[in-house]
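Structure assessment
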Amino acid sequence: MIRVLVIDDEADIAATTVEMLELRGYKAAYVTDVEGIAEAIKRHQPDVILQDAQMPGLDLKPTIIAQRGASSKRMVILVFTASVDAERIWRIVGADGFVEKPFAFDALVKEIESRMAVRAMHS
Amino acid sequence: MRNDALPDVELANLVDLSPDMLFRCERRADGLLYLTFSEGRLAQTLHLTTRENQDRPLLDLVPADVFERILPEYEQCFEGHPREFVHEWAGRTVRHRPQCVFGPDQDVMAVVGAISDETELHRLSQELRASEDELVAFSYNVSQDLRTPLTILDSSLQLLEERSQRPSPEASGRNMVRMRHASQRMTKLIQDLLGFGRAARSELQLQDIDVTALARGVVEKMRAQDPDRRIDVRILPGLTCRGDKILVRNVLEQLLGNAWKYTGKRNDARVELGSVIRGGREWLFVKDNGVGFDPSQAGRLFHAFERLHDPSEFEGTGIGLATVARILRRHGGTIRAEAAPGEGATFLFHTGGSRPAKTPAKAIEVYA
């Protein structure tokens, strides 16, 4: 089962996203504060991270670098954002893709699957 | 121009009326450039009129940095390639519009032209650009802030849809609560945005205002909306100011509402509205014993969408204090904030005007 960690300071966004992922057969969990990210990765061992781009106290690029170092898995990290310039920033910060909010569940699942497929090809 | 159509003396008067500097420049046998004619208002301002030039080369007439900047341009003119250019001249922004005067064998005999002072234009265009940037940033923030509750609404609806075959009352209830909360958040954001716009545009209806009575009304309303909240509100009797009543009420609603909100975690919450003399004028203040804020961040408080507290801890759109500052600025007044983290906040404000400072009924020193 593919494990997804949703990182978003908006608890309602995180919770609805997790509920949706669970309905689609993923194992999902969420964390709402920057300080809790490392612990959540250790505990949940995600294959995929959905990382909100704007959380209080978040510096996106170093956070993504730290996430890559925090797990032995080659994780798919997607920038999860309400910002209009997601398309411009996701490569710069070292993510594998992005999901713009609001999002259609089908589109999110498709993005996760296609990025997982790219990862499988490279490993 | 035919000389008989405009006598020389009238031409001279006409040139004097020009806001620009009208000039003629030639290269003499010594290889140097000379201003042989230079009149108009800008020439007077720069002390470069023909009379003041006294037949000295351009090199001696203008500051070294200006000479270095314009020499290559005028060299080009004497080659027969004049072009407009703009540069800084003693704190001014000026535009040169040179033209060649050709001799009988098509050589450039002289350069004539006009130099305009565009300092004001330049300043205004910079201001316009800054306010355009601000507007872009503002709409960017608005769109982003609307997307968050919209995402919650959209996701909750999709969840209801996904579960419609096998509905679960518990999950449906959860999603409906979220949707209700998100739509209230959007409503609040839209209301605050409208208030921010109104603060800038509505015409001020100035009158003497009984601030004490106005504030009591605001507090009564807050108590009615939140009847379980235990909070000690003290309003000094006899507070007045001159201003637009609707907008001043907005200011009080916002400041007292913030005090209400940021003291929410205390059992001994206290809010005080009073007045104090500072710098020979009377300031009104709203003081609370809530969470306060980092004083080094005080400047950010009054910018739209700047929030010093985590939205999950204290709700807010980040527009309220920007609206307050805008209202007070429009009255010719101002606001400032004083605080320390954990030690409450004090907002001091006035609505401008030259009202003599009257001694407050009770002198209250604010973090003196």
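Further up the page is the structure itself.
Structure report, in brief.

Criteria and thresholds
- Note that residues are indexed from 1 along each chain, following the sequence as it is written.
- To label them, take the chains in the order written and letter them from A, then take the ligands in the order written and number them from 1.
- Given that the model is predicted, a residue must reach a pLDDT of at least 70 before its local features are reported, and side-chain atom pairs must reach 80 or more before they are shown or counted; all residues, however, enter totals for whole chains, interfaces and linings.
- Processing note: side-chain calculations cover all non-hydrogen atoms of the structure and skip hydrogens and water entirely.
- Secondary structure elements are defined from DSSP: runs of H or I of at least 4 residues count as helices, runs of E of at least 2 residues count as strands, and each element is numbered from the N terminus.
- Helix span, expected: 1.5 Å multiplied by one less than the number of residues in the helix.
- Throughout this description, a polar contact denotes any pair of N or O atoms lying within 3.5 Å of each other; where both atoms belong to protein, one of them has to be capable of donating a hydrogen while the other can accept it, and for residues adjacent in sequence the pair is counted only when both atoms sit in side chains.
- Both site types are read off a 1 Å grid over the protein atoms alone. A 1.4 Å probe that fits but cannot get out defines a cavity, while an open set with protein on both sides within 12 Å along at least five of seven lines defines a pocket; lining residues have an atom within 4 Å of a point.
- Grid points are joined across faces, edges and corners, and a volume is the space filled by probe spheres set on the points.
- The residue classification treats Ala, Val, Leu, Ile, Met, Phe, Trp, Tyr, Cys and Pro as nonpolar and Asp, Glu, Lys and Arg as charged. All others, Gly included, are polar.
- Exposure categories follow from relative accessible area, calculated using a 1.4 Å probe and restricted to protein chains: below 20% of the type maximum is buried, above 50% is exposed, and the middle band is partly exposed.
- We call two residues in contact when some of their heavy atoms are within 4.5 Å.
- In this description, strands pair whenever DSSP reports at least two bridges between them.
- Ring geometry is summarised as follows: Phe, Tyr and Trp rings, the Trp one being its six-membered ring, pair when their centres sit within 6.5 Å, and such pairs are stacked at plane angles under 30 degrees, edge-to-face over 60 and tilted between the two.
- In our convention, an over-ring charge means Lys NZ or Arg CZ found within 6 Å of a ring centre and within 35 degrees of that ring's normal.
- Here the axes come from fitting lines to C-alpha atoms, over the contacting stretch only for helices, and the angles between their N-to-C directions go from 0 to 180 degrees.

Now for helix α9 (residues 245-262) of chain B. Helix length check: α9(B) (18 residues) gives 25 Å between terminal C-alpha atoms against 26 Å at 1.5 Å per residue, within 8%. The backbone nitrogen of Ile246(B) lies 3.1 Å from a side-chain oxygen of the residue at the head of α9(B), namely Asp244(B).

Take empty space enclosed by the protein next. Residues and elements named next belong to chain B. Here the structure, examined in full by the defined rule, presents 2 cavities of 30 Å³ or more. If you add up the space inside the second largest cavity, you get close to 80 Å³. Lining the second largest cavity are Met-21, Phe-23, Cys-25, Leu-35, Leu-48, Leu-58, Ile-70, Tyr-74, Trp-89, His-96 and Ile-115. Of the residues forming the lining of the second largest cavity, the biggest block, 3 residues, is contributed by strand β1 (residues 21-27). A class-by-class count of the residues in the lining of the second largest cavity yields 10 nonpolar, 1 polar and no charged.

What follows covers the side chain of His331(B). Residue and element names in this part refer to chain B. You can see His-331 is positioned in the loop between α10 (320-330) and β11 (334-339). For His-331, a relative accessible area of 11% translates into the label buried. Residues within four places of His-331 in sequence aside, it is in contact with Leu-204, Leu-206, Arg-242, Gly-243, Asp-244, Leu-247, Val-248, Thr-351 and Gly-352.

What follows is about the pairing of strand β5 (residues 108-117) of chain B. All names here are of chain B. Of all 10 residues that make up β5, 7 are buried, and the element is covered over most of its length. As judged from the 5 bridges shared by β1 and β5, these two strands associate in the antiparallel manner. By the bridge assignment for β5, Arg-24 is matched with Val-112. Adjacent in sequence and paired antiparallel, strand β4 (residues 92-102) and β5 are bridged by 5 residues, among which Gln-106 carries a positive phi angle near 60°.

Here the structure, examined in full by the defined rule, presents 7 aromatic pairs over all chains. For the ring pair Phe302(B) and Phe347(B), a centre distance of 6.3 Å and an interplane angle of 90° mean the geometry is edge-to-face. On the criterion of sequence distance, the pair formed by Phe302(B) in the loop between β10 (281-288) and α10 and Phe347(B) in strand β12 (residues 345-350) is long-range, its members being 45 residues apart. In this structure Phe347(B) comes out as buried when scored by relative accessible area, which is 7%. Three or more aromatic residues joined by ring pairs make a cluster, and in this case those are Phe80(A), Phe103(A) and Phe105(A). The ring of Phe196(B) is capped by Arg326(B), whose NZ or CZ atom sits 3.8 Å from the centre of that ring. Positioned above the aromatic ring of Trp283(B) is the side chain of Arg336(B), whose terminal nitrogen or guanidinium carbon lies 4.5 Å from the ring centre.

With that out of the way, let us pick up the sheet that holds β11(B). Residue and element names in this part refer to chain B. One open sheet holds the 5 strands; their spatial order is β7-β9-β10-β12-β11, and the pairing between them is mixed. Of all strands in the sheet, those with a lone pairing partner are β7 (232-235) and β11, marking the two edges. Each neighbouring strand pair of the sheet contributes to a mean axis angle of 25°, computed without reference to strand direction. Where β10 and β12 come together, 4 bridges link them in antiparallel fashion. Considered in β12, the bridge of Leu-284 is made with Phe-349.

Note that every value here comes from positions in space, so none of it alone points to a role or purpose.
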